[in-house]
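# Fold and contact review
Below are the chains, spelled out letter by letter.
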Amino acid sequence: MATGSRVVASTIRALRQGSSSSVVRDNIRSSSRWLSTQAVRVDRYNANPEAMAMMNNMHNNINNNNNNINNNNNNSNVRERLPNDDRERNSIYMDESSRSMAGVTASVRHDWTKDEIAKIYEQPFHELMYQAGTVHRMYWDPSEVQQCTLLSIKTGGCTEDCSYCSQSVRHKTFVKPTPTMKVQEVLKAAAAAKEAGSTRFCMGAAWRELGNKKNAFNHILEMVKGVNGMGLEVCCTLGMLDATQAKQLKQAGLSAYNHNLDTSPEHYPKVITTRSYEDRLNTISNVRDAGISVCCGGILGLGEQETDRVGLLHVLATLPEHPESVPINALVSVEGTPIGDDIDDLAKVDAFDMARMIATARIVMPRTMVRLSAGRLSFSDAEQYMMFQAGANSIFNGDKLLTTDNPGMDKDTSLFEKLGFVGKPAHKGPMVAPLEASGQVHISKYEATKQLYAAA
Ligand code: SAM
Ligand code: DTB
Ligand code: SF4
């Protein structure tokens, strides 16, 4: 048996035995990718009955799991929710080739070319917004927006030279380096965030890498356990990680890890010289391999060209798995940083740039949460509305990001009321898209599955 089919067979066995371990979830992911390639081959060469049988089997097992999820929801009279784990969620739809509605077709693809993404990005704004808004409604409930809260648990004094960052030791900014916060202080802040309606708590440290900071790491593991124990989803952004550290964080209950690529590989060395793009990609793969959801995005306003924005989206959309979430930040210009001091008002990122980037991300990574991140203070409610229409479905809330200001809770509560948004609950998956549930989205399956259904 080929390796791919062996993994599928053992995954089916584990699912039958009711196992939902992270190993099984990882296997569902690799099985689904292998089966998709087999399905395409079956489509092209009319071959491989073994793959067809396994795909059928796998599909039934996953459908059973899904039915259980839905039955649980039906029992409590709650509208349907998908699994919260992005891999589990995506595996439910593994036999889906594309979705279409109202003249727009989309699919989860990993073979995008830069040219294809550029063509989407460069469309007339009104057309891009229409397509992105339609894709958003085919895959998501547009009224549900995730709220995450950031806390800087170790501020300033960072040895990296990121030319936008207030926390680099190389720039003279308003930030005063402070020691790592105590576990109890962090848990208190997490409890306050939960009270204020946040469902994901993200702890940031101004480090190049976790390295051999053993003591601090043990405290961070305690923080992760504590925040997870409060029923919040936990995210960290601590710089580069090795594979063992990623596994330890996963064991402690970490849901997601934020590690941004910031810009295209070509523009990156003009922004940061103390680490490489490859370094960042390695950490992202350590995080993914540990079974932690990847949160990875970038910043607009770093002096990049539009080709660099497309270049960043191309890297993200061709990763082995699309990130669970993609934060799109507008540069928060900080006095004393090379980019902050350089920038003139005309070079500032405007709301149309942000909406264009978010819309393109939404189209090329339809199942990813796109987070409207730093820079919201410089956009009006109407401008932010345009960004939600483009497909953003997550924000950072609270009056502080890491070191800079963010709209306060009251402001966001009134924005959510005005726009008719509700927050996504913690540890619960997103709602099934209402237009999918009501049958208005046309869903195409891989040819192999269609043949199986026809034969059954
Ligand atoms: N030191 C860790 C790292 O770099 O991965 C974690 C903290 S770092 C501040 C997290 C991210 O915040 C950066 O990767 C960058 O994308 C974003 N960021 C930092 N300063 C920013 C600014 N002034 N404006 C917008 N985004 C910023
Ligand atoms: C991300 O993409 N944006 C957040 C989060 N990930 C960690 C950070 C924004 C930082 C903005 C500048 C500051 O507050 O220091
Ligand atoms: Fe350090 Fe992160 Fe800021 Fe870069 S972005 S200087 S790594 S804190």
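For the structure, see preceding data.
All of the points below concern the structure found in this document. Please read these numbers as outputs of a predicted model, since none were measured by experiment. (Residues numbered from 1 in each chain as written. Chains lettered and ligands numbered in written order. Predicted model: local features only at pLDDT ≥ 70, side-chain atom pairs only at ≥ 80, totals over all residues. Heavy atoms only, no water.)

A full pass over the atoms with the stated rule returns four aromatic pairs. For the ring pair Y268 and Y277, a centre distance of 5.1 Å and an interplane angle of 80° mean the geometry is edge-to-face. Pair check on accessibility: Y268 and Y277 agree, each one buried. The interplanar angle of 90° and the centroid separation of 5.7 Å between the aromatic rings of F416 and F421 together place this pair among those described as edge-to-face. By relative accessible area, F421 is classed as buried at 14%. (Phe/Tyr/Trp six-rings, centres within 6.5 Å; stacked < 30°, edge-to-face > 60°. Buried < 20%, exposed > 50% of the residue type's maximum accessible area, 1.4 Å probe, protein only.)

Of the positions making up helix α15 (residues 381–389), those classed as buried are Q384, M386, M387 and F388. Residues of α15 that are buried make contact with α6 (125–139), β3 (144–154), α14 (351–364), β10 (369–372), β11 (394–397) and α16 (409–419). (Helix = DSSP H or I, 4+ residues; strand = E, 2+ residues; numbered from the N terminus. Contact = heavy atoms within 4.5 Å.)

Moving on, we come to the site of ligand 2. Near ligand 2 there are 13 residues, and of these N260, N329, L402, T403 and T404 occur at the shortest range. Between N258 and ligand 2, the recorded distance is 3.1 Å, taken from a side-chain N or O atom to a nitrogen atom. For ligand 2, an oxygen atom lies 2.8 Å from a polar atom in the side chain of N260. Broken down by class, the residue content of the shell around ligand 2 amounts to six nonpolar, seven polar and no charged. (Near = heavy atom within 4 Å. Polar contact = N/O pair within 3.5 Å; in protein donor to acceptor, adjacent residues only side chain to side chain. Nonpolar A, V, L, I, M, F, W, Y, C, P; charged D, E, K, R; others polar.)

Taken together, the residues surrounding ligand 3 are C158, E160, C162, Y164, C165, S168, A206, W207 and R275. Classifying every residue of the shell around ligand 3 gives six nonpolar, one polar and two charged.

Among the six residues in strand β4 (residues 200–205), six count as buried, and that is most of the element. Every second residue of β4 is oriented toward a common face, with R200, C202 and G204 on one face and F201, M203 and A205 on the other, all of them buried. Relative to β4, β3 is paired through six bridges, and the arrangement is parallel. Directly across from L150, in β4, lies its bridge partner C202. Following the chain from β3 across helix α7 (residues 183–195) to the adjacent parallel β4, one finds a crossover that is right-handed. As judged from the five bridges shared by β4 and strand β5 (residues 233–237), these two strands associate in the parallel manner. Along β5, the bridge assignment pairs R200 with E233. Between the parallel pair β4 and β5, the chain is carried across by helix α8 (residues 214–229), and the sense of this crossover is right-handed. (Pairing = 2+ DSSP bridges. Right-handed = clockwise from strand over helix to strand, strands pointing away.)

Reading across the sheet, the three strands line up as β2-β1-β13 and stay open at both edges, with antiparallel pairing between neighbours. What marks the edges here is a single partner per strand, and that holds for β2 (104–106) and β13 (442–445). Across the sheet, the axes of successive neighbouring strands diverge by a mean angle of 20°, strand direction being ignored. Bridge count between strand β1 (residues 96–101) and β13: four bridges; the pairing is antiparallel. Bridge pairing links S98 to S444 in β13. (Axes fitted to C-alpha atoms, helices over the stretch in contact; angles between N-to-C directions.)

Keep in mind these values describe shape, not function.
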